[in-house]
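# Results of the structural survey
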Amino acid sequence: MEEKAAILEALIFAAEAPFSVEKAAGIFSELSKPEIADLFRKLAGDYESRGGGIVLQEVAGGFRFQTRIEMAPWVGRLKNVRPASFSPSAMETLAIVAYRQPVIKAEIDKIRGVDTGGVLKGLLEKKLVRIVGRKDVPGKPIIYGTSKRFLEVFNLKDLSELPTLREMKDFRSSEEIEE
Amino acid sequence: MSYEIKLDVFEGPLDLLLYLIKKNEIDIYNIPVALITSQYLGYLDVIRSLNLDLAGEYLVMAATLTHIKSRMLLPVVSDGEDEEEKDDPRAELVKQLLEYQTYKDAAGLLSGRPLLERDVFKLGAPPDTPSDAVEKDDIPVEADLFELVEAFRRIMAGLEIGDALEFSAEKLSLAERINEIMEILSQDGQVSFSGLVAEKISRKRIVYTFLAVLELIKLRMATVCQSEPFGEIRLFLAVKEEGDSSVVEIAEA
């Protein structure tokens, strides 16, 4: 492996959060951003083709090492995890925030047909949702959006990686045809 | 006191309506309002018979359905404007249902993604929970309110009250019981529901335990899991790292 790639690998390994090209460029000034991005991708490809238990994944605007998804049953045993702790109401609310952001609580309530206050509070506490600002209408309601943590937890590079709602509608109609 | 009804728990009136539409294999663009309304009201009766608090939203939807039904019964007065004639009283509701369905699907897709700390794991993740926390083949699933009610009913049924008189001068407070449970949880990380009411304890204490468990779930300080239908309900500590604040301030019950 060439030395530059090795250095980047070490940086990603030691970084606390997903390591971005920008951050790498700040440390590794000899390389341009496109060069770094190329090396990152090459590294990710190396890990992928190696077929080991670890992959280099692009999430939340950076790269991080994580276990390969197929290893989940074993690693889960080590960590003693319980299945996901997201309730259906939390997932619905999160989906609405993710797709409709910036969004205020009243909109979410209207779509779900129920009060979302408690669920939103929980999502804020889990840092999946953040307060973006206040809307300039009477009452100055809080505007919500998804956080960087949301991208990290759901393994998304950025919000554009979310399946589009149109895709979903197609998905649903094709399902109905099958039935 | 006997509960015989098994009810799916819905996320709200729209969820319930979508369920009814799916169950009856109805075309969402042509909803038979009379049928759906009567089934919807039937479900509300079930919820009421369980003495559960009925969220106001359900009642609003019941009113909306009834309103649509009555509007559909009225003859359409043609005043020459075609657009007015075609105005279907159900349109608004259908739009709302479709939109809700879209986000419900989106939520499903989101849950299907590889989740951190469930499907993939990164370096420097939180430390292991005690290794004896969950037995090997005891893979928990989420238990719902009705199972908790059922468990409570079972314990009450098993309690031999007989004709013994209770001279209980024990003073109980909900906050105290919550703190006791939190203490057990912060020590062991988990406890079974029957474990909490294992010793021969009074009816009153069981009620307080049950209320405390509900309160803890509501406060998101604990989660309940159940590995199989009618299986043991386990209580887990929800927040681990901020766990030191086991003292809860709560109004005296």
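The text that follows walks through the structure, step by step, so that each part is easy to find. (Residues numbered from 1 in each chain as written. Chains lettered and ligands numbered in written order. Predicted model: local features only at pLDDT ≥ 70, side-chain atom pairs only at ≥ 80, totals over all residues. Heavy atoms only, no water.)

### Quick notes on the interface of chain B and chain A
Listed by partner, the interface residues are 46 residues for chain B and 51 residues for chain A. Between chain B and chain A the total buried area reaches about 4,200 Å² when both faces are included, carbon and sulfur atoms providing 61% of it. When the area that chain B buries against chain A is broken down by residue, the three leading residues are Tyr103, Leu110 and Phe121 of chain B, summing to 18%. At the junction of chain B and chain A, the tally comes to 4 salt bridges. Two residues, Glu11 of chain B and Arg112 of chain A, come together in a salt bridge whose shortest N-O distance is 3.7 Å. (Contact = heavy atoms within 4.5 Å. Buried area = accessible area lost by both parts, 1.4 Å probe. Salt bridge = Lys/Arg side-chain N within 4 Å of Asp/Glu carboxyl O.)

### Some words on helix H5 (residues 88–100) of chain A
All names here are of chain A. The terminal C-alpha atoms of H5, which comprises 13 residues, lie 18 Å apart, in line with the 18 Å expected from a rise of 1.5 Å per residue. Across the 13 residues of H5, 11 count as buried, placing the element largely inside the fold. All of the buried residues in H5 are Ser89, Ala90, Met91, Glu92, Thr93, Leu94, Ala95, Ile96, Val97, Ala98 and Tyr99. (Helix = DSSP H or I, 4+ residues; strand = E, 2+ residues; numbered from the N terminus. Expected span 1.5 Å × (residues − 1). Buried < 20%, exposed > 50% of the residue type's maximum accessible area, 1.4 Å probe, protein only.)

### Things to note about the packing of aromatic side chains
Each pair of aromatic rings is reported with the distance of its centres and the angle of its planes. Residues and elements named next belong to chain A. For the structure shown, the criterion picks out 11 aromatic pairs over all chains. For the pair Phe86 and Phe154, a centre-to-centre distance of 5.8 Å together with 35° between the ring planes defines the contact as tilted. Taken together, the residues Phe86 in the loop between helix H4 (72–79) and H5 and Phe154 in the loop between helix H8 (148–153) and helix H9 (165–178) connect sequence positions 68 residues apart. Judged by its relative accessible area of 0%, Phe154 falls in the buried class. With 5.1 Å between their ring centres and 40° between their planes, Phe150 and Phe154 make a pair best called tilted. (Phe/Tyr/Trp six-rings, centres within 6.5 Å; stacked < 30°, edge-to-face > 60°.)

This is a description of form; function is not addressed.
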